[in-house]
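# Descriptive structure summary
As a plain string of letters, each chain reads:
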Amino acid sequence: TTYRYWRYYKGQFITAEYISSAGSHRSTSSEHAWEWTADRNDQFTDADDVHVSYPELKDNWALLVAGSMEWRNYRFQADVFAMYHILKKAGYADDHIVLIMEDDLANSSDNKYDQGAVRTSETGPNLYAPEAIDYKLSSLQPSDIGDILQGKSSERLPQVIKAGPQDNILVFWSSHGSPGSLDFGGTEKMSYTQMKQILEQTPHRKMLMAVEACYSGGLGEACTGVPGVLFITAANPYETSHADHWSQKIGVYLSNGFTAGFQKAIESDPSISMNRLYYELARSTSGSHVKVYNIPKYGSIYSSGMGEYLNIK
């Protein structure tokens, strides 16, 4: 018997694999198919059900960063706006969200058919919320992320995250990436080494860092060992991640595949466990391999979930 493994993608049925129990020349064996899947997806075991003690949760904070600017990179800022609205629905106050992006889309001359709007799909709502933007990307340096995360406010950086040892921090970073660094405006980069140093010095109870960028698994590898921080990345350290939701009307991608899946999963089930979230993303993200890092220093991904970050009691 021959089986066809398919996925519905962009209005089409895409055949990903033929599997045969009879060894058809048109297909792989079921054993090879299993090995193919295992090679690409993380497999969690009882060893990953580790226990780490944490103090009682007091408060939640969030840092949202669109690290790439300009019209051609529309999707990164659009995805960050979508994340902002999800957090607002979850009860976050604006003073508990630091939002960084260039804000060069809604009123751009390139936005000929949708002035004043930013969307992640052509039929979706207008997500543009200029009042929510705390800093333009071009006004910051990568080192400023450390001051913002560590609560070091100043005249130049008035809005910061004031988390303590009983507070969770959700970091969502959306940008281009290259081996060893994340884009920070096109001319600057946030190196993985610098990010690790920042996270090690950031007060927190737990921290989740979701990263939409090419080669983003390298950040998870570089930051392994930082206590209380879990990394979910759009790609492994050796591959690109992929855009999604092309708009023929305005000529750009409106969203990224990993982010679209991440946001859909946490909106559908705000209390989703981390292991279920991973499997949802591994199945829905096309073209790259979603990865999870630093479980031993974070704790069980079975009993912990997004509810801790989305104010689900």
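Description of the structure in this document.

### Describing the sheet that holds strand E8 (residues 181–184)
Judged by pairing direction, the sheet is antiparallel, and its three strands sit side by side in the order E7-E8-E9 without closing on themselves. Each edge of the open sheet carries a strand with a single partner, namely strand E7 (177–178) and strand E9 (188–191). When E7 meets E8, the two strands line up antiparallel, connected through two bridges. Bridge pairing links Ser178 to Ser181 in E8. In this fold helix H3 (residues 142–149) packs onto E8 and E9, with an angle of close to 50 degrees to the strand it touches most, E9.

### Points about unusual backbone geometry
Positive phi is not limited to glycine here, since Glu70 has a value of about 85 degrees. Judged by relative accessible area, Glu70 falls into the partly exposed class, the value being 39%. One non-glycine residue, Asp103, lies in positive phi territory at about 60 degrees. Looking at where Asp103 falls in the secondary structure, it is placed in the loop between strand E5 (97–100) and H3. On the basis of relative accessible area, Asp103 is assigned to the partly exposed category, the value being 23%.

### Observations concerning helix H7 (residues 274–284)
Every buried residue of H7 is listed here: Met274, Asn275, Leu277, Tyr278, Leu281 and Ala282. Around the axis of H7, the buried residues are gathered within 155 degrees of arc, so they sit on the same side. Packing partners of the buried residues in H7 comprise strand E10 (207–212), strand E11 (229–233), helix H6 (257–268), strand E14 (291–293) and helix H8 (295–298).

Cut-offs applied
- Residues numbered from 1 in each chain as written.
- Predicted model: local features only at pLDDT ≥ 70, side-chain atom pairs only at ≥ 80, totals over all residues.
- Heavy atoms only, no water.
- Pairing = 2+ DSSP bridges.
- Helix = DSSP H or I, 4+ residues; strand = E, 2+ residues; numbered from the N terminus.
- Contact = heavy atoms within 4.5 Å.
- Axes fitted to C-alpha atoms, helices over the stretch in contact; angles between N-to-C directions.
- Buried < 20%, exposed > 50% of the residue type's maximum accessible area, 1.4 Å probe, protein only.
- Arc of directions from axis to C-beta.

Purely spatial values, then, with no claim about function.
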